[in-house]
Amino acid sequence: MDKTMQYKSLYRGNRVAVILPCYNEELAVKSVIASFKTAVPEAAIYVFDNNSTDRTIEFAKEAGAIVHSVKHKGKGNVVRRMFADVEADIYIMADGDDTYDASSAHRLMDKLLDEQLDMVVGRREEVGEKTAATYRHGHRFGNRMLTGAVMSIFGGKFTDMLSGYRVFSRRYVKSFPALAKGFETETELTVHALELRMPYDEVSTPYGARPEGSTSKLSTYKDGIKILRTIINLYVSERPFMFFTIVSLILGVLSLLLFSGVFIEYLETGLVPRFPTAILSVALMLSAIISFFSGLVLSTVTLGRNETKRLIYLSIPQTLPKDDHESH
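Residue positions are counted from 1 within each chain, in the order its sequence is given. Only residues with pLDDT of 70 or above have their local features reported here, since the model is predicted, and side-chain atom pairs are shown and tallied only from 80 upward, although totals for entire chains, interfaces and linings are computed over all residues. The side-chain figures draw on all heavy atoms in the structure; neither hydrogens nor water molecules are used.

### Concerning the pairing of strand β2 (residues 44–49)
A 1.4 Å probe rolled over the protein chains alone gives each residue an accessible area, and that area as a share of the maximum for its type sets the label: buried under 20%, exposed over 50%, partly exposed in between. Strands here are runs of E lasting at least two residues and helices are runs of H or I lasting at least four, both read from the DSSP assignment and numbered beginning at the N terminus. The buried count for β2 comes to six of six residues, which makes it a mostly enclosed element. The two faces of β2 match: A44, Y46 and F48 on one face and I45, V47 and D49 on the other face are all buried. Whether two strands pair depends on DSSP finding at least two bridges between them. The sheet contact formed by strand β1 (residues 16–22) and β2 spans six bridges and is parallel. Looking across to β2, one finds that L20 is bridged to V47. Taken together, β1, helix α1 (residues 29–39) and β2 form a β-α-β motif whose crossover is right-handed. Assignment of crossover handedness uses the view with strands pointing away from the viewer, where a clockwise path from the first strand over the helix to the second indicates a right-handed crossover.

Structural data, given as structure tokens:
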């Protein structure tokens, strides 16, 4: 792994790395590398191959990229390695399928530097008639639904949470825990920025069709379920008090509903003939109490964890336009 890559030139005083996760992209990888070489000549270009069975690695090397192999399957595992192994000040991440517009990279980088942001997302805008085959209606609907769910839970103003075209600051990359394994990593990237209240924004970028013969690795339903599960897991881990309070209320209401019948019978007859129902209602109420206090304890743990992540984030120097910054 090359952590000491010598950058030929800097962009506004910063080292730039283009990081491309790839899996069986032999039809597109040369074009993607060439596009970014033209658009961002200052950047070092890295291809992280995820066990491709075609000639992706061979073609990427021929095109002049620095190629790394990631054996653990899944885009999330690739992102973990990219963020760990590449040293730069600005990171441009795009998929290796040639659907993202390399010429938009400078706009994304300038926004990150000028507004001192930590993440800029390339919001996808369809171009050309063939784009619909790549960005299918099911994907668009799922994206809107999942983005809306995350925004309602964690706040924020993202409109294209699942875009794979992003520009990051160094302190974002080096403070990101990267726990996801697959395509749900985009959700994790978004929530990380929201939870640490990082400055971020979106920029509209053209989104084109894949090369003829290339197919998407994303499964609409399978990966959608994984993303939804990731959102739920993040909600439990990042909002434990709210989650367990809701569980506590549900259990408490069920307990009271069951107990009401038993209590009315007791008032009328002085007897408790339905012992199983009485025992169940008590068990549910105890579970509700335990759930509530579990939320209290876990919220304290979450607060401590977020404080630690925030301190790590703040310990990393901010990415700034060095030429402008040093002139003041």
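### Comments concerning the layout of surface pockets
Of the volumes computed, that of the second largest pocket is approximately 350 Å³. Both site types are read off a 1 Å grid over the protein atoms alone. A 1.4 Å probe that fits but cannot get out defines a cavity, while an open set with protein on both sides within 12 Å along at least five of seven lines defines a pocket; lining residues have an atom within 4 Å of a point. Together, 18 residues line the second largest pocket, and L179, E188, T230, L234 and S237 are the ones closest to its centre. For the lining of the second largest pocket, the leading source of residues is helix α9 (residues 220–238), giving seven residues. Residue composition of the lining of the second largest pocket, by class: six nonpolar, four polar and eight charged. Grid points are joined across faces, edges and corners, and a volume is the space filled by probe spheres set on the points. Put simply, Ala, Val, Leu, Ile, Met, Phe, Trp, Tyr, Cys and Pro go in the nonpolar bin, Asp, Glu, Lys and Arg in the charged bin, and everything else, Gly too, in the polar bin.

### Focus on the environment of R15
In this fold, R15 is placed in the segment before β1. It is 5.1 Å that separates the C-alpha atoms of R15 and D89, two residues lying 74 residues apart in sequence.

### What to know about empty space enclosed by the protein
Following the criterion strictly, the structure yields one cavity of 30 Å³ or more and no others. Around the largest cavity sit V32, S35, F36, D95, D98, T99, Y100 and A102, which together line it. Residue composition of the lining of the largest cavity, grouped by class: four nonpolar, two polar and two charged.

### As for the nonpolar core
Nonpolar side chains in soluble globular proteins tend to end up buried together. To qualify as a nonpolar core, a set must consist of buried Ala, Val, Leu, Ile, Met, Phe, Trp, Tyr and Cys residues joined through side-chain atoms within 4.5 Å. One finds F83, F168 and Y172 to be the most contacted residues of the largest nonpolar core, which totals 39 residues. Two residues form a contact once any of their heavy atoms are found within 4.5 Å. The residues touching F168, leaving out its near neighbours within four places in the chain, are F83, D89, I90, Y91, M93, L112, D118, M119, V173 and L189. A60, A65, I90 and Y165 belong to the second largest nonpolar core, which has 34 residues in total.

### Quick notes on the pattern of salt bridges
By definition, a salt bridge exists where a carboxyl oxygen of Asp or Glu is found within 4 Å of a side-chain nitrogen of Lys or Arg. Per the stated rule, a full pass over the model turns up 19 salt bridges. Among the ionic pairs, K30 bridges to E62, the shortest N-O distance being 2.9 Å. Here K30 is found in helix α1, whereas its partner E62 is found in helix α2 (residues 56–62), with 32 residues between them in sequence. The exposure class of E62 is partly exposed, given its relative accessible area of 48%. The closest approach of N and O atoms between E58 and R55, which form a salt bridge, is 2.7 Å. The class for E58 is partly exposed, based on a relative accessible area of 34%. By relative accessible area, R55 is classed as partly exposed at 42%. Through salt bridges with shared partners, one network takes in R12, D110 and D114.

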